[in-house]
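As a plain string of letters, each chain reads:
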Amino acid sequence: MRDFRLDQLDSFAKVIEHGTFSAAAEKLNLTQPAISFQIRELERRLGVRLIERVGKKATPTAAGLTLLDHVKRIDGVVSATLADLLPYARGAAGRVRIGTGSTACIHLLPQVLKSVRQRFQGLEIVVKTAHTKDILKALEDNALDVGFVTPPVHGRMFEAIPVLDDPFVAIAAAGDDRLPRSVTPQAMAGLPVILYDAEGNTRQIVDRWFARAGITLTPAMEMGNTEAIRKLVAAGVGYAILPTSALEDRSSIETRPLSPAFHRNLAIVLRRDKILGKGLRMVVEALKEVKL
């Protein structure tokens, strides 16, 4: 362990990530010979070949792929260690990076952040909004610590903890009587519908609801923000199907249940090998307490 250097592991991972020694050197603000020397020393220390060149691209050997898996875990442990030590260094409580969708960020995350702040005022919190697939990639790369997303979540490296069910409803502008008491896919298909961005898991759940009725809906409009959709519906621009969590303000809209009813799940997602420091543990516990 005495000769096992973190900077060598970092250089190795950067070469694989960027494909060349020169690109890794630029990223790390080092010279190419310095990167090459670090890789040679790491290979000498481990007694195996880690990188081979295919054309101009540096690719990992079988041993290199095995090491790369360990480097990701080592990076997670080091990050958690630094986060736990940060309070002693600057009087803060560390940092937690959360990834979630825009709806959860606007309507559900505030209660989480309030709870965490009340218990741990010095914690630095970074929030990134994105689609589930992008959040999972960031978790895999250790660019985020925890996700709060709409499943499905694929990959054995992840642990998904269900938190709540979020029923969908149909909405129209206040005073609009075109929606029946219980809204079917057929009834909705005859209206100008505003749907969520097609890349999101929320939209895919809605599309499956229509598909089960044999309907492929072409929306009148698509948007990546449920609050914007709600405001457009309130203005009389069209109709929408949204999760209940997006409808805190119902003063200017009508809501109707769907038939058949359906919902989305929201889940906490962590890497199984993620080390939970004090701040991250507190965020996870607060996310488990989220309510509609």
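Everything below is about the structure printed above this text.
Participant: Let's hear about the side chain of Arg230: which residues, and what values?
Facilitator: Tracing the backbone through its elements, the reader meets Arg230 in helix α10 (residues 226-234). Polar side-chain contacts of Arg230 include one of 2.8 Å to the side chain of Glu227. If sequence neighbours within four positions are ignored, Arg230 has contacts with Ile171, Leu242, Ala246, Leu247, Asp249, Ser252 and Ile253.

Participant: Describe helix α1 (residues 6-18), naming the residues involved and giving the relevant values.
Facilitator: A rise of 1.5 Å per residue sets the reference length of α1, with its 13 residues, at 18 Å; its end C-alpha atoms lie 18 Å apart and thus fit the reference within 8%. Turning to α1, its buried residues number three or more, namely Gln8, Leu9, Ser11, Phe12, Ala13, Lys14, Val15 and Ile16. Where α1 ends, the next residue or the one after it, Gly19, has phi of about 90 degrees, a positive value.

Participant: Can you break down the packing of aromatic side chains residue by residue, with the values?
Facilitator: With the rule as written, the count across this model stands at 3 aromatic pairs. A centroid spacing of 4.7 Å and a plane angle of 20 degrees characterise the contact between Phe168 and Phe262, whose relative ring orientation is stacked. Here Phe262 lies in the loop between β10 (253-256) and β11 (263-271) and Phe168 lies in strand β6 (residues 158-173), a separation of 94 residues in the sequence. Exposure remark for Phe168: the relative accessible area of 3% places this residue in the buried category. Residue classification places Phe262 among the buried positions, given a relative accessible area of 8%. Taking the centre distance of 5.0 Å and the plane angle of 70 degrees together, the rings of Trp209 and Phe210 count as edge-to-face.

How each quantity is defined
Residues numbered from 1 in each chain as written. Predicted model: local features only at pLDDT ≥ 70, side-chain atom pairs only at ≥ 80, totals over all residues. Heavy atoms only, no water. Helix = DSSP H or I, 4+ residues; strand = E, 2+ residues; numbered from the N terminus. Polar contact = N/O pair within 3.5 Å; in protein donor to acceptor, adjacent residues only side chain to side chain. Contact = heavy atoms within 4.5 Å. Expected span 1.5 Å × (residues − 1). Buried < 20%, exposed > 50% of the residue type's maximum accessible area, 1.4 Å probe, protein only. Phe/Tyr/Trp six-rings, centres within 6.5 Å; stacked < 30°, edge-to-face > 60°.

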